[in-house]
Every structure is written in structure tokens, then in C-alpha cells.
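This is what each chain is made of:
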Amino acid sequence: HSFDIQIPGAGQGLFTKGCARQFPKTAHGDVGAFDCGSNYGGCNTKEGCARLPEELRSGCEWRYDWLRWLSEGGQTNNPYVKFRRVRCPAQLVEISGSAPDDDAEYPDVSLTA
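Keep in mind that what you see is a predicted model, and the values were worked out from it rather than measured.

1. A closer look at the overall build of the protein chain
- When helices and strands are counted, the protein chain shows 4 helices and 0 strands.
- Across the protein chain, helices and strands are ordered from the amino to the carboxyl terminus as α-α-α-α.
- The buried share of the protein chain, taken over its 113 residues, is 24%.
- Within the protein chain, counting contacts between residues at least 6 apart in sequence, those at least 24 apart form 41% of the total.
- Just so you have it, the protein chain exposes about 8,300 Å², and 54% of that area is on carbon and sulfur atoms.

2. Concerning the nonpolar core
- Core analysis: the biggest nonpolar cluster contains 9 residues, these being Ala20, Phe23, Phe34, Cys43, Cys49, Leu52, Leu56, Cys60 and Tyr64.
- Among the elements that make up this core, the one with the highest residue count is helix H3 (residues 54-65) (3 residues).
- Beyond its immediate stretch of four places on either side in the chain, Leu52 contacts Pro8, Gly9, Ala33, Phe34, Cys43, Arg57 and Cys60.

3. Overview of H3
- Along its 12 residues, H3 runs 17 Å from first to last C-alpha, staying within 8% of the 16 Å computed at 1.5 Å per residue.
- For H3, the complete set of buried residues consists of Leu56, Cys60, Arg63 and Tyr64. Down the axis of H3, the buried side of the element spans an arc of 95°, and every buried residue falls inside it. Structural note: H3 exposes Glu54, Glu55 and Ser58 on the side pointing more than 90 degrees away from its buried face.

4. Considering unusual backbone geometry
- The backbone phi angle of Cys36 is positive, close to 55°, even though this residue is not glycine.
- Here Cys36 shows up in the loop between helix H2 (24-27) and H3.

5. Some thoughts on the pattern of salt bridges
- In this structure the tally under the stated criterion is 4 salt bridges.
- Its salt-bridge partner being Lys46, residue Asp65 comes within 2.7 Å of it at the nearest N-O pair. Of this pair, Asp65 sits in helix H3 while Lys46 sits in the loop between H2 and H3, and the two are 19 residues apart along the sequence.
- One salt bridge connects Arg57 with Glu54, and the closest N-O pair in it is separated by 3.7 Å. Taken together, the residues span about one helical turn, with Arg57 and Glu54 both in helix H3 at a distance of 3 residues.
- For Glu54, a relative accessible area of 61% gives the class exposed.

6. Quick notes on the confidence of the model for the protein chain
- Taken residue by residue, the protein chain gives an average pLDDT of 79. The fraction at 70 or more is 76%.
- At the level of individual helices and strands, the protein chain shows its lowest average pLDDT in H2, which scores 67, and its highest in helix H4 (residues 90-96), which scores 91.

7. A word on the state of the cysteines
- If you walk through the whole model with that rule in mind, you get 2 disulfides.
- Disulfide pairing places Cys36 opposite Cys43 at an S-S distance of 2.1 Å. Sign of the S-S torsion, about 80° for the bond between Cys36 and Cys43, identifies this disulfide as right-handed.
- Assessed through its relative accessible area of 0%, Cys43 is described here as buried.
- Residue Cys49 pairs covalently with Cys60 via a disulfide, S to S 2.1 Å. Judged by the sign of its S-S torsion, about -70°, the bond between Cys49 and Cys60 is left-handed. In this pair, Cys49 sits in the loop between H2 and H3 while Cys60 sits in helix H3, placing the two residues 11 residues apart along the sequence.

Cut-off values and rules
Residues numbered from 1 in each chain as written. Predicted model: local features only at pLDDT ≥ 70, side-chain atom pairs only at ≥ 80, totals over all residues. Heavy atoms only, no water. Helix = DSSP H or I, 4+ residues; strand = E, 2+ residues; numbered from the N terminus. Buried < 20%, exposed > 50% of the residue type's maximum accessible area, 1.4 Å probe, protein only. Contact = heavy atoms within 4.5 Å. Areas by Shrake-Rupley, 256 points an atom, 1.4 Å probe, with all protein chains shown as cover. Core = buried A, V, L, I, M, F, W, Y, C linked by side-chain atoms within 4.5 Å. Expected span 1.5 Å × (residues − 1). Arc of directions from axis to C-beta. Salt bridge = Lys/Arg side-chain N within 4 Å of Asp/Glu carboxyl O. pLDDT = per-residue confidence, 0-100. Disulfide = S-S within 2.5 Å.

Structure follows, in C-alpha cells:
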């Protein structure tokens, strides 16, 4: 299985209004400030992360430091993961005020399992 991770500086795709709305002082009409001008793929170097708002830079740099973007010719685009459904964490239930109807049928979150 694979899934997309929304990483700062990794490209906004079709959705270019969210970052500009959240960080209006950074955008100044330049939506490319959030993905180095490349909606699909984003910044090609870690140095490009400096173009992002300060609050987003560490997330952009994570892409190069931990995820190792482009270290294998860009093959880390959508990480493959092993996953399983778990019970919705109490913190999320508290924030959202809701839980799935079948939540009790699934195990609690365990980082060791």
C-alpha cells in the first residue's frame, strides 16, 4: 500500500489556495513560495525550503533529512507502508467529538505492535 503525505514544500498539486490563505503575509500573490514554483514535486533541494514560511521549513527539511527525497532518483515519492486499523485515539475523539460506530471492534493504538 502507499499513500500521499502532505509535506511542506513538496508541491501543492491542484490545491494552491490553502497555504496562501493560511500564510497570507508569505504569499504576496506568489503561490509558488510554498512549493518552489513546482506544484507537482515541489522544491528540488533542501535549500529551497528557505523560501517557505518559517513554520513550515522544518517539515520541508524533514523530507530531505529523514524521508531522503531524491536519494534514489525520486523513488521515495509515495512511501510504502504496512498499516492496520486501530481504535481512534482518545485525543482525536476529544477534539472531534465523535468516533466511528464500530470503533470498539478495533485494538487500541500500540506503537510496539
